[in-house]
Amino acid sequence: MELTSKYNPADVETKNYQYWLKHKLFRSVPDDCREPYTIVIPPPNVTGILHMGHMLNNTIQDVLVRKARMSGKNACWVPGTDHASIATEAKVIAKLAQQGIRKQDLSREQFIQHAWDWTNEHGGIILEQLKKLGASCDWDRTCFTMDEIRTQSVIRVFCDLYRQGKIYKDVRMVNWDPKALTAVSDEEVIYKEIQGKLYYIKYKIEGKDGYAVIATTRPETIFGDVAVCIHPNDEKTKSFKGKKLIVPLVNRVIPVIEDDYVDAEFGTGCLKVTPAHDVNDYRLGAKYNLETIDVLNDDGTLNNHCLNYVGMDRFAARTQMEKDLAHAGLIEKIEPYTHKVGFSERTDAAIEPRLSMQWFLNMQELAKPALDAVMNDTVKFCPAKFKNIYRHWMENIKDWNISRQLWWGHRIPAYYLPRGGFVVAETKDEAYQEALRTVDYPLTIDDLRQDEDVFDTWFSSWLWPLSVFDGILHPDNADISYYYPTQDLVTAPEIIFFWVARMIMAGYQYRQEACFRNVYFTGIVRDKLGRKMSKSLGNSPDPIALMDKYGADGVRMGMLLTSPAGNDLPFDESLCEQGRNFSNKIWNAFRLVKGWQTDNTVLQPEASRIAVQWFEALLNQTLPEIEDLFEKYRLSEALMMIYKLFWDEFSSWYLEIIKPAYMQPVDPTTCSATLHFFDSLLKLLHPFMPFITEELWQSLDKREDGESIMLQMTPQPKQTDTQLTSDFAKVKEIITGVRSVRLQKNIPTKTPLHLQVVGQHNNAFDTVIVRLCNIEQINPVKEKEDQSVSFLVGTTEYVVPVNDLLNREEEITKTETEINYYEGFLSTVLKKLSNEKFVANAKPEVVDMERKKQLDAETKLKALRDNLTKLKNK
RNA sequence: GGGAGUUUAGCUCAGCUGGUUUAGAGCAUCUGCCUUACAAGCAGAGGGUCACUGGUUCGAAUCCAGUAUCUCCCA
C-alpha cells in the first residue's frame, strides 16, 4: 500500500470487497450458540438500477448489520429482488416497441419469454451496485419474488386464504389508460387540478312539460345513463319522485330513484347514474338492479351506444355535445369547475375509470393483530409518529384488490369451468381433480381455462420475511426457526401500507408472530429545491458516479450525516465531499501513526502520559453514549459523535500533544497506546465506513489471512475517569485562549510566551499547555502585569504579557462587551432568585444551581471590572 | 375533503418528562497560517426576538389554543 497524502478509494474498495467475499465473511448459518440478527432487504425492482433512495436505505441497513455483527450477533442480511410486475412489464413493452413489436401481437407465452430475457439480462445489475456500496449481504441467500420457492409460496397462500373464505371476486373500477390500452395501478395515476366545466343539462320529464336539471362534468357519458338519483329527504327534488325522465339526445326513458347516497347540496341535487363509468354509480346500479351501459371503447373513443358520436374521442365528443345540447336548448347553464383528474404516469393520457371483475382479499381479520402489535410496541416504529398514520389506515382498512391485468407476474391459480364457475387450486391437475368432483358433465383437463390476471406485486412481497426463509412451504425448517422474526426493517414511509402493514399481517397469519421487531423509516431523498429525486425529473445524481468521485465510504457518510429517521434528506453533493474529506483525514492520521519509529530508550514525556490517560478516559466516556445512540437508531448522531471523536479529540488534540518532532522516535508506551486507540476508532467507524477501516486495520498490525475488522467486537467501555476529562476540558480552554491571543496579537507560534495565572490553577497539566502553546513558563502571580492580555477560564484569570503589542482601546471594548454579557446573565439569575415563588416552588437542586451561577458570574464580573479599571487608568 | 407532521444560525439538524440554554452541533462564512500526517489541512472568530398571537406557570424553544407556512399520506 502506497501512503500518498490523498486517500484513493477505488482500489481499496474493490480489493476489500473481494477479500470479504473470498472468505465468505457475510455468510450466516443458524447457530444456536449465538443470537441471530436478521434483516431482509426491501427487494429492489429486478431490472432497476441503484438510485439515491436505495443508496440511503441500504447504507442504513449495512450500518445496522455490521454493528450487530461486531456486537457478537449472528448477523444475516438477506438480499433479493422484486419482479415488480407492472414496472418490468412496462419496460419490456417499451423495449419491444423499439423493435416495432406490440404486446397485443404476441402470445402470452412469447411475451413472458421476452420478459424473462429482459430480467436475466438486467436483473442482478442492482445487486452488483449494492456490492459497490459495501452491502454485507449473505449473497448465497439471494432471492427473487418469482423464483421457484417464492412463486410456490404465493400460490399456496392464495389457495389457503381462498379456502378460508377471505378471498372473493367483485367488480371494481380500474384506472384504464386508453393510450397504453391497459389498467394501471393507483400509484401510477397522477392527479392534476383541471379547469373544467360543470354542465347543467335538462332531462325532460316523461309525459309532462317540466324537466329536471342534472349537473355533470362529463356530458359524453349520458349515453350510459340508466337512472337519475335524488335524496329521499331533499325538498328541492321531491317533485321528481316516481317520475320517469328522458335522457337528452338518445331519448331513452329512465327512472328516478331515491337514495341517501346523493349529496343534495351538490349541483342540483339530481345525480345521473352511469354504472359503467363510476364506481358509486355501479353500486347504486347493483342495489336497484339497473342495467350497465359501457359507452367507451378501449382507446377512449365512444362506442356504438352513442348515436352519431360513435368513434369520436371522448373529449371531442364532449365539445360537440356541448354545442348540440345547447342547440337543442337542453343546457341550462355551464359553470367553470376546478376538479382533479387522473393522468397516466406513463402516457399522460387522461385515465378512464372502468369497471372490471377483480379478486379481493378481505382484510378485516388480518388487520386486527397487526394493528395491536404496532400500537403496543411489539413492533416498534422509528420514529413513532408513524404509529398514528398506521392506526388510522388499519382502522379503516379496505379489502385488497390483488389482481392485475398484466402478464408478468404470478398468474392467479383460478380455473374456469366451461359451463360457468371456477375452482382454485395450486396446480391445474389439482384443479381438474377438484372440478371433477363438483361438475356433473364430462370434463377434460383442457376444458379448464386459467384466470388471465396476475397478482399485485405486493401480494408476493408481503410474504417476503417468511418466504426468503422458505417459511410458507416448510414452516419448520431450520432457517425460519432460527432467523424469524427478523430484527429491523428499513424502508420508506411511502410504502407503510402497501408493504409494511401487510407484512405484519402475513407474519401473524402464518407464524402467529410479527415478522420484525423494529421498523426504521428513512426519509425521502430530495434535491436542493425540495423535489423528490426521480428519474422523470432527471434531478437525481447517479450514486455510482458519486461513489467513483468520493469513494463509497465518503458517499455513505455523506448520506448518513444528515438523515435522522423519518426526516427527508435534502441531498447535496457537499455532504459527500465532507465524507471524502473525513476518509482523507483518517488516512493521514494513519500515515502519521504508521510512520513512527519507536525507540525503547526514549522515556515517555509527561505530556504524552497525560494525553494517553485523557484519551483513554474520553474514549470510555464516549462509548456508552455512542451505544445509546445506536439503540435509539440515531445513526446520524452516532456517526457525528464518532466523527468528532476522531477528528477533534483524537487528531487535533491527542495526536498534536503526543506527536514527536520530525524524524524523532516515539517512546514505546505512547506508541502502543496510540495504535490501540486507532484500532478502537477504526472499529467504531467500521459500520459507517467499511472499506477504509478494513484497509487500515489490516495494515495496523500483522493479520492472518481471513481475519477482518468486520468480525471484531466493538470496543467495550471500562470505568471512566470523569474528573480527568472535565479537568482536561479546562486545559483545552486555556490553550485555546493562548492561541487566540497569539492570533489577535499576531505573535508567531515560534515566539515563546510566558503565561501568568491569577487565581486557582491545577498545574498537573502544565506540560500539555507548554507543549501545545510554546510557553516557557507558567507562573502564579498576585497581580496581573500591566502590558498584557488576559482571559478567564472558570474564575481563574490567565495573563499573557504582550509588551508593547497591547491595544488599550481594543481591550477596553472587548472587556466591556464581556461585562455586558455577564451583567445581563447575572440579572436573569438574580431575577429568579429574588422571586420568592421561585425559591419556594423550584426543586432545591435548581435553586442551588442558580446560586452557583450567581456566584460564578459575580466573580467573573469582579475580575472583568478590575481589568477595565486598570486599562482605563493607564 | 379527511388525517398526520414541519417551522430553532446562510444550509442541514439536535435540544427527550418545562429550570445546568440571554439556545447547541456539523457544514458554509470571515480572519491568520503552505507549522515535515493531512490546504480534501491547521489555528482562531463571528452568526439566532427558537414562524406569529395569546394562554398556563415562579419560570416556556419546550405544555395548551388559535393563525400562518411548507410537506406527506389517503380520497
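Computed from a predicted model, the values in this text were never measured in an experiment. (Residues numbered from 1 in each chain as written. Chains lettered and ligands numbered in written order. Predicted model: local features only at pLDDT ≥ 70, side-chain atom pairs only at ≥ 80, totals over all residues. Heavy atoms only, no water.)

Novice: Give me the confidence of the model for chain A: which residues, what numbers.
Specialist: For chain A, mean pLDDT is 90; residues scoring 70 or higher make up 98% of the total. Reported confidences for the modelled complex are a pTM of 0.90 and an ipTM of 0.96. (pLDDT = per-residue confidence, 0-100.)

Novice: Tell me what's going on with the sheet that holds strand E27 (residues 775-780), and back it up with residues and numbers.
Specialist: A sheet is described by the order of its strands in space; here four strands give the open sequence E27-E26-E29-E28, paired in mixed fashion. Unpaired on one side and paired on the other, E27 and strand E28 (788-793) mark the two borders of the sheet. Strand-to-strand twist across the sheet, computed as the mean angle between neighbouring axes with direction ignored, equals 25°. Across five bridges, the pairing between strand E26 (residues 753-758) and E27 is parallel. Counted as the bridge partner of Leu753 is Ile775 from E27. Packing against the sheet, helix H23 (residues 722-745) makes contact with E26, E27, E28 and strand E29 (796-801), and its axis sits at approximately 155° to E28. (Pairing = 2+ DSSP bridges. Helix = DSSP H or I, 4+ residues; strand = E, 2+ residues; numbered from the N terminus. Axes fitted to C-alpha atoms, helices over the stretch in contact; angles between N-to-C directions. Contact = heavy atoms within 4.5 Å.)

Novice: I'd like to hear about the protein's contact with RNA strand B, residue by residue, with values.
Specialist: As a matter of local geometry, RNA strand B sits amid 51 residues, with Tyr662, Tyr821, Gly824, Phe825 and Asn835 nearest to it. Each atom of RNA strand B within 4 Å of the protein was classed as base or backbone; sugar and phosphate made up 61%. Here a phosphate oxygen of RNA strand B sits 3.3 Å away from a polar atom, N or O, in the side chain of Thr736. Within the side chain of Asn835, an N or O atom sits 2.4 Å from a sugar or linking oxygen of RNA strand B. Contributions of two or more residues to the surface near RNA strand B are made by helix H10 (386-395), helix H15 (496-511), helix H18 (573-594), helix H20 (635-658), H23, helix H25 (808-833), helix H26 (836-841) and helix H27 (844-873). Among the elements that make up the surface near RNA strand B, the one with the highest residue count is H18 (nine residues). Per-class residue counts for the surface near RNA strand B are 18 nonpolar, 16 polar and 17 charged. (Near = heavy atom within 4 Å. Polar contact = N/O pair within 3.5 Å; in protein donor to acceptor, adjacent residues only side chain to side chain. Nonpolar A, V, L, I, M, F, W, Y, C, P; charged D, E, K, R; others polar.)

Novice: Lay out the side chain of Ser790 in plain terms, naming residues and giving numbers.
Specialist: Mapped onto the secondary structure, Ser790 falls in strand E28. Here the side chain of Ser790 touches Lys784 through a polar contact of 3.2 Å, side chain to side chain. Dropping the residues within four chain positions of it, Ser790 is found in contact with Lys784, Glu797, Tyr798, Val799, Lys814 and Asn867.

Novice: Please give an account of the packing of helix H9 (residues 364-375) against H15 that cites residues and values.
Specialist: Here H9 crosses H15 at 110°, and the two axes come no closer than 8 Å. In terms of axis orientation, H9 runs roughly perpendicular to H15. For the pair H9 and H15, the sense of crossing is right-handed. The residues of H15 that touch H9, namely those facing Leu366, Ala367, Pro369, Ala370, Ala373 and Val374, are Ile504, Met505, Tyr508 and Gln509. Of the residues contributing to the contact of H9 with H15, the split by class is nine nonpolar, one polar and no charged. (Parallel < 35°, antiparallel > 145°, perpendicular 65-115°, else oblique. Left-handed = near helix turned anticlockwise from the far one by under 90°.)

Novice: Could you give me a rundown of the state of the cysteines, with the residues and numbers involved?
Specialist: Per the counting criterion, the structure on display carries zero disulfides. Its sulfur unpaired, Cys33 is 17 Å from the next cysteine sulfur, which belongs to Cys76. Assessed through its relative accessible area of 74%, Cys33 is described here as exposed. (Disulfide = S-S within 2.5 Å. Buried < 20%, exposed > 50% of the residue type's maximum accessible area, 1.4 Å probe, protein only.)

Novice: Break down the pattern of salt bridges for me, with residues and values.
Specialist: As enumerated under the stated definition, the model contains 54 salt bridges in all. For Lys197, the salt bridge is made with Glu322, and the minimal N-O distance between the two is 3.3 Å. Residue Lys197 is found in strand E7 (residues 189-205), and its partner Glu322 is found in helix H8 (residues 314-327); the two are separated by 125 residues along the sequence. A salt bridge links Arg634 to Glu637, with the nearest nitrogen and oxygen atoms 2.9 Å apart. (Salt bridge = Lys/Arg side-chain N within 4 Å of Asp/Glu carboxyl O.)

Novice: Any chance you could break down the nonpolar core for me, citing the residues and the numbers?
Specialist: Core analysis: the largest hydrophobic core is formed by 200 residues, its most contacted members being Phe381, Phe459, Trp462, Tyr654 and Phe678. Not counting the four nearest positions on each side in its chain, Phe381 is found in contact with Val374, Phe386, Lys387, Tyr390, Ile496, Val500, Ile504, Val519 and Phe521. Grouped together as the second largest cluster of nonpolar side chains are 35 residues, Leu296, Leu302, Cys306 and Leu325 included. (Core = buried A, V, L, I, M, F, W, Y, C linked by side-chain atoms within 4.5 Å.)

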